[in-house]
Amino acid sequence: MKVTAVETFLVEPRWLFLKVSTDEGVSGWGEPVVEGRAETVRAAVHELSELVIGQDPLRVEDLWQVLRRGGFYRGGPVLSSALSGYDHAMWDIAGKARGLPVHELLGGPVRDRVRAYSWVGGDRPDGVFEAVSRQVAAGFSAVKMNATAEMRPIASPADTVAVLARAREAREALGPQGDLAIDFHGRVSPAMARRLVRMLEEVQPMFVEEPVLPELPHEVLASVVQASTVPIATGERLFSRWEFKPVLDAGVAVVQPDPSHAGGISELRRIGSLAEVYGASIAPHCPLGPLSLAASLQVAFTTPNFLIQEQSAGMHYNGTDPAYLVDMAPVRVVDGWIARPTGPGLGVEVDEAAVRRAAETGHAWRSPIWRHDDGSFAEW
């Protein structure tokens, strides 16, 4: 089997899909994208196609190594995301060629269903009690919310207490059996992160996510871990196992590699195994489309230390939640759970006609630019 063609499709709301075709009529799909930089990743995907076209897609690991290490400069969000999409597509082809879901090729399932959480509250969190109550009524036992909007390096008492007040609302709506994840989104300074995680102990979060920016020294992250008993999670802006080792050394409880950024199925699997050495869990970051989710699920079903799955249905970035699959059932959340996919490859069938129609319009989604009340730049 040889790869004959590579195509990309820019589709709303902010996604990029990849199709890899072969001379035996088997095609694979992937989702390589950096949110807000889809066109840049698209260029990288087509540049890397020189290393893919004419090759055997069933040599998944060899292709991964070539795509990762075939250039003197490697890694980072753009190249790692391009690699991720190819890895999804190669595993999709490998599963389809053998008539098996990817998780069967990775050793078989270790669980029968995967727990998922839903986002609530929006980019600037508001209406939390009502939003969480709706998700509980829909069957979710876990939700995630942003902790705050813009936050000054040393926030006022009012802004600080407001974080705890929203978390209390969410906990009240969830009850004692539900799980609450709180995302700091890198918006909070290390000093405020240390203060806030201690304050949040009373609501017993499942985890606090990205409490500080990933580019800060790992000693800073370790200081947040040590400040509180709240489990700390991070990883959506890390792109390989080499970048995850220092945060595990810092003591995080949960790693959050993104299947569309961190090297695809192959690398997520390895990052999960690395986390297992530290007694940490993996909760893949997945605020993107159905192909990214399908790839993430293949890892979730075969990884012993998997914790919970993010998914983007109803998320504030997605607007109308467009469906690009013939049948959404393999990635649909029912009563807070996703059933084990049994279809070959990624376990989903792409509605190619719908994708091609959407690609005629495309998108130009960009990350918001926020500013503090004095006009200075604020982390989004």
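Residues numbered from 1 in each chain as written. Predicted model: local features only at pLDDT ≥ 70, side-chain atom pairs only at ≥ 80, totals over all residues. Heavy atoms only, no water.

### Overview of the packing of helix 2 (residues 60-69) against helix 10 (residues 264-277)
Move 1: Orientation of helix 2 relative to helix 10, taken along the N-to-C sense of each, is 90°, at an axis distance of 10 Å. As summarised for this structure, helix 2 and helix 10 are arranged roughly perpendicular, according to the angle between their axes. Touching Val60, Glu61 and Trp64 of helix 2 are Ser266, Glu267 and Arg270, all from helix 10.
Move 2: Partitioned by chemical class, the residues of the contact of helix 2 with helix 10 number 2 nonpolar, 1 polar and 3 charged. (Axes fitted to C-alpha atoms, helices over the stretch in contact; angles between N-to-C directions. Helix = DSSP H or I, 4+ residues; strand = E, 2+ residues; numbered from the N terminus. Parallel < 35°, antiparallel > 145°, perpendicular 65-115°, else oblique. Contact = heavy atoms within 4.5 Å. Nonpolar A, V, L, I, M, F, W, Y, C, P; charged D, E, K, R; others polar.)

### Examining the pattern of salt bridges
Move 1: As enumerated under the stated definition, the model contains 18 salt bridges in all.
Move 2: Across the pair arginine 356 and glutamate 7 runs a salt bridge, and its minimum N-O distance is 3.0 Å. Here arginine 356 is found in helix 12 (residues 352-361), whereas its partner glutamate 7 is found in strand 1 (residues 3-11), with 349 residues between them in sequence.
Move 3: Glutamate 104 is paired through a salt bridge with arginine 340; the nearest N and O atoms lie 3.7 Å apart. Within this pair, whereas glutamate 104 is found in helix 4 (residues 102-105), its partner arginine 340 is found in the loop between strand 12 (337-339) and helix 12, the two being separated by 236 residues in sequence.
Move 4: Residue classification places glutamate 104 among the partly exposed residues on the basis of a relative accessible area of 34%.
Move 5: Since its relative accessible area comes to 29%, arginine 340 is described here as partly exposed.
Move 6: Connected through shared salt-bridge partners, Glu7, Lys19, Glu352 and Arg356 make up one network. (Salt bridge = Lys/Arg side-chain N within 4 Å of Asp/Glu carboxyl O. Buried < 20%, exposed > 50% of the residue type's maximum accessible area, 1.4 Å probe, protein only.)

### Digging into the environment of glutamate 202
Move 1: When you line up the elements, glutamate 202 lands in the loop between helix 7 (190-199) and strand 7 (207-209).
Move 2: The class of glutamate 202 is partly exposed, set by a relative accessible area of 48%.
Move 3: For the pair glutamate 202 and alanine 116, spaced 86 residues apart in sequence, the C-alpha to C-alpha distance is 23 Å.
Move 4: When neighbours within four sequence positions are excluded, glutamate 202 is seen to be in contact with Leu164 and Arg168.
Move 5: There is a polar contact of 2.8 Å between the side chain of glutamate 202 and the side chain of arginine 168. (Polar contact = N/O pair within 3.5 Å; in protein donor to acceptor, adjacent residues only side chain to side chain.)

Fair warning: the whole summary comes from geometry, so function is off the table for now.
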